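# Structural features, examined
So the chains spell out like this:
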Amino acid sequence: MIQSIPEPTKRRLVQIAQLLSQYMHEGTVKRITSKDLQSVTTWSDSLIRRDILLLGYKGGVSNGYDVQELYKAICDGLNIRHEKNALSTCCIVGLGRLGVALLENSIFEGSGFSVVAGFDSSVNRVEVLRSSFPLYPASQMETVIRQQHITFAVLTVPEKEAVVMGKRLVDCGIKGIVNYTSAVLPVSQDIIVENVSPITALTNIAAKLAD
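The following paragraphs examine the structure supplied in this document. None of these values were measured; they are calculated from a predicted model. (Residues numbered from 1 in each chain as written. Predicted model: local features only at pLDDT ≥ 70, side-chain atom pairs only at ≥ 80, totals over all residues. Heavy atoms only, no water.)

## Some remarks on the overall build of the protein
The cut-off we apply is this: Only DSSP runs of H or I covering at least 4 residues are called helices, and only runs of E covering at least 2 are called strands; the numbering of each starts at the N terminus. For every residue, the accessible area obtained with a 1.4 Å probe (protein chains only) is divided by the maximum for its type, and the residue is called buried under 20%, exposed over 50%, and partly exposed between those limits. Every residue pair with non-hydrogen atoms within 4.5 Å of one another is taken to be in contact. Working definition of accessibility: Shrake-Rupley area with a 1.4 Å probe, residue cover restricted to the visible protein chains. Neither His nor the chain ends is counted toward charge; the positive residues are Lys and Arg and the negative residues Asp and Glu. For charged residues, the charge sits on one atom: NZ in Lys, CZ in Arg, CG in Asp, CD in Glu.
Secondary structure assignment for the protein yields 9 helices and 8 strands. For the C-alpha atoms alone, the extent of the protein along its principal axes is close to 60 × 45 × 30 Å. Every one of the 211 residues in the protein was classed for burial, and the buried ones make up 38%. A sequence separation of at least 24 residues applies to 57% of the contacts in the protein between residues at least 6 apart. Here the protein has roughly 12,300 Å² of accessible surface; of this, 54% comes from carbon and sulfur atoms. The averaged location of the 20 negative side-chain charges in the protein is 2 Å from the averaged location of its 21 positive side-chain charges.

## Points about the nonpolar core
General note: in soluble globular proteins, nonpolar side chains tend to be found buried as a group. Rules: The term nonpolar core refers to a set of buried residues drawn from Ala, Val, Leu, Ile, Met, Phe, Trp, Tyr and Cys, joined through side-chain atoms within 4.5 Å.
Cys91, Val93, Phe119, Ile145, Leu155 and Leu169 are the most contacted members of the largest nonpolar core, which has 23 residues in total. Elements with a minimum of two residues in this core: strand 3 (88-93), strand 4 (113-120), helix 7 (141-147), strand 6 (152-155) and helix 8 (159-172). Among the elements that line this core, the one with the most residues is helix 8, at 4 residues. The residues contacting Cys91, other than those within four sequence positions of it, are Val115, Ala117, Phe119, Ile145, Ile150, Phe152, Ala153 and Val154. Within the second largest apolar cluster, 22 residues are counted, among which are Ile16, Tyr23, Leu70 and Ile74.

## Let's talk about helix 2 (residues 34-41)
Stated precisely, the cut-off is as follows: In this context, the arc is that of the directions from the helix axis out to the C-beta atoms.
Within helix 2, the full set of buried residues consists of Ser34, Leu37 and Thr41. The arc that holds every buried residue of helix 2, seen down its axis, measures 60°, which confines them to one face. Structural note: helix 2 exposes Lys35 and Ser39 on the side pointing more than 90 degrees away from its buried face. Close packing links the buried residues of helix 2 with helix 1 (7-26), strand 1 (31-32), helix 3 (45-53) and strand 2 (65-66). Immediately beyond the C-terminal end of helix 2, within one or two residues, lies Thr42, with a positive phi of roughly 75°.

## A look at the pattern of salt bridges
This is how the line gets drawn: Salt bridges are identified by distance alone: a Lys or Arg side-chain nitrogen within 4 Å of an Asp or Glu carboxyl oxygen.
Applying the stated criterion across every chain yields a total of 10 salt bridges. Taking the shortest distance from any N to any O, the salt bridge between Glu7 and Lys10 comes out at 3.9 Å. You can see Glu7 and its partner Lys10 sitting in helix 1, 3 residues apart, about one turn around the helix. Judged by relative accessible area, Glu7 falls into the partly exposed class, the value being 44%. A salt bridge links Arg125 to Asp120, with the shortest nitrogen-to-oxygen separation between them at 3.2 Å.

## Considering the sheet that holds strand 3
Either a parallel or an antiparallel arrangement is found when strands of a sheet pair, and the pairing is made through backbone hydrogen bonds. Condition: Pairing between two strands is assigned when DSSP locates at least 2 bridges connecting them. What counts as an axis is a line fitted to C-alpha atoms, over the stretch in contact for a helix, and the angles between N-to-C directions run from 0 to 180 degrees.
Reading across from one edge, 5-4-3-6-7-8 is the order of the 6 strands in this open sheet, with parallel pairing throughout. Every interior strand has two partners, whereas the edge strands, strand 5 (135-137) and strand 8 (192-195), have only one. Looking at each pair of strands side by side, their axes are set apart by 25° on average, direction ignored. Relative to strand 6, strand 3 runs parallel, the two being bridged by 4 bridges. Bridge pairing in strand 6 places Ile92 opposite Val154. Of the strands in this sheet, strand 3, strand 6 and strand 7 (176-179) are in contact with helix 8, which crosses strand 6 at around 175°.

## Considering the side chain of Asp45
Mapped onto the elements of the fold, Asp45 is located in helix 3. Relative accessible area serves as the criterion here: at 14%, Asp45 is assigned to the buried category. Contacts of Asp45, omitting those with residues within four sequence positions, involve Ser34, Lys35 and Gln38.

## A look at the environment of Ile150
Relative to the helices and strands, Ile150 is located in the loop between helix 7 and strand 6. Along the backbone, Ile150 and Lys58 are 92 residues apart, and their C-alpha atoms lie at a distance of 35 Å. The residues contacting Ile150, other than those within four sequence positions of it, are Thr89, Cys90, Cys91, Val116, Ala117, Val144, Ile145 and Ile174.

## Some words on the packing of aromatic side chains
Keep this limit in mind: When the centres of two rings from Phe, Tyr and Trp lie within 6.5 Å, Trp using its six-membered ring, the rings pair. Their planes under 30 degrees apart give stacked, over 60 give edge-to-face, and anything left gives tilted.
This structure, assessed with the given rule, holds 3 aromatic pairs. Ring centres 6.3 Å apart and planes at 35° place the aromatic pair Tyr57 and Tyr65 in the tilted group. In this structure Tyr57 comes out as buried when scored by relative accessible area, which is 15%. Tyr65 gets classed as buried once you look at its relative accessible area, which sits at 9%.

The structure is reproduced here in structure tokens:
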């Protein structure tokens, strides 16, 4: 199923799943219509309905979708783990100010992802910082990632270290990297990289506004 869903549709569905997860956590909304989703996302209701149909999900009725059922359908259709006992494991590489902000465990609560390790080139920083998960010197990255079967990494290192650290992560067996730096990571087609640097994001917005 996932192979037949276009990339823009996947991105929209992921955002819808995040919204539904929020509603489930708050317990405020039990059913939701495509019009409701349109008012939050600004995508047209017809586009939203088409995206949901591409999942093969046909649970919508005249009064909308059941929030929990739709959330599960999106997670199943996109192979997103959502059960508490089947979380995808992640690590944070780079514990500067941005990396430290991500040490707050509540950020990942209910997301389907579990951060199990953090790494930094500064041994002193690793020893001083406190976290709900273990922090290690970058020299132990290869060993820890392989031992704990970590799948994803969030890269927040200084720009000059990004390419080297990115290569090390790939060599460790990491399958996906969220790249908070503006460096271009030279990785293979087997590795998925999401570039979320504020500079990159702002440049993309500026380019769209210029169209």
